[in-house]
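These are the residues of each chain, in order.
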Amino acid sequence: HVQVVESGGGLVQTGASLRLSCVASGRIAPGTAMGWFRQAPGKEREFVAAISWRGGTRDYADSVKGRFTISRDNAENSVYLQMNSLRPEDTTVYYCAVRAYYSSTLYRPDTIDYWGVGTLVTVSS
């Protein structure tokens, strides 16, 4: 079993930056993919970014390309999301995701193996 814990959410102003962190504990095998999703109240959970085991493949939602950067530290079983130029529409709960392997379907929430409990990001206008 894998436990996933996010941190780093908070309240910032438009244009500010924020860095989310996620630590996964348990059996993290080589090849494990990690990523971030977000979900607003009443809406479906949506893909934000994902990164492959060695970091060679990174995918982003169109809405965050050029503003967000995903990275990871396998020694710490951690994944990070650097969020720059934040906008009010980025306000929502962000979830860390862990999946046994990376594939083109990683953007689908139903393919994720483990989720964190979420961290709230609020961007004021």
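Just so it is clear, the structure is predicted and the values come from calculations on it, not from any experiment.

Chemist: For this particular structure, what's the right way to read the overall build of the protein chain?
Modeler: On a plain count of helices and strands, the protein chain comes out with zero helices and eleven strands. Beginning at the N terminus, the succession of helices and strands in the protein chain can be written as β-β-β-β-β-β-β-β-β-β-β. In terms of principal-axis extent, the alpha carbons of the protein chain reach across some 40 × 30 × 25 Å. Taking all 125 residues of the protein chain together, the buried fraction comes to 42%. For the protein chain, restricting intrachain contacts to residue pairs at least 6 apart in sequence, the fraction spanning at least 24 positions comes to 57%. Total accessible area on the protein chain is roughly 6500 Å²; 48% of this is exposed by carbon and sulfur atoms. In the protein chain, which carries 13 positive and 11 negative side-chain charges, the distance between the mean positions of the two groups comes to 3 Å.

Chemist: Is there a simple way to explain the sheet that holds strand β3 (residues 18–26) in this structure?
Modeler: Each strand in a sheet pairs with another by means of backbone hydrogen bonds, the pair being arranged parallel or else antiparallel. Pairing is antiparallel in the open sheet, where four strands are placed in the order β1-β3-β8-β7. Looking at strand neighbours, the two that pair on one side only are β1 (2–7) and β7 (68–73), the edges of this open sheet. In this sheet, adjacent strand axes meet at a mean angle of 15° when their direction is disregarded. Summarising the sheet, β1 and β3 pair through six bridges and their orientation is antiparallel. By the bridge assignment, Val 4 is partnered in β3 with Ala 24.

Chemist: Would you explain unusual backbone geometry in this entry?
Modeler: Among all residues save glycine, negative phi is the norm, and among peptide bonds the norm is trans. A positive phi angle, close to 50°, is found at Asn 77, a residue other than glycine. In the Ramachandran plot, Ser 85 falls in the positive-phi region, its phi being about 50° despite a non-glycine side chain.

Calculation criteria
- Residues numbered from 1 in each chain as written.
- Predicted model: local features only at pLDDT ≥ 70, side-chain atom pairs only at ≥ 80, totals over all residues.
- Heavy atoms only, no water.
- Helix = DSSP H or I, 4+ residues; strand = E, 2+ residues; numbered from the N terminus.
- Buried < 20%, exposed > 50% of the residue type's maximum accessible area, 1.4 Å probe, protein only.
- Contact = heavy atoms within 4.5 Å.
- Areas by Shrake-Rupley, 256 points an atom, 1.4 Å probe, with all protein chains shown as cover.
- Lys, Arg positive; Asp, Glu negative; His and termini not counted.
- Charge placed at Lys NZ, Arg CZ, Asp CG, Glu CD.
- Pairing = 2+ DSSP bridges.
- Axes fitted to C-alpha atoms, helices over the stretch in contact; angles between N-to-C directions.

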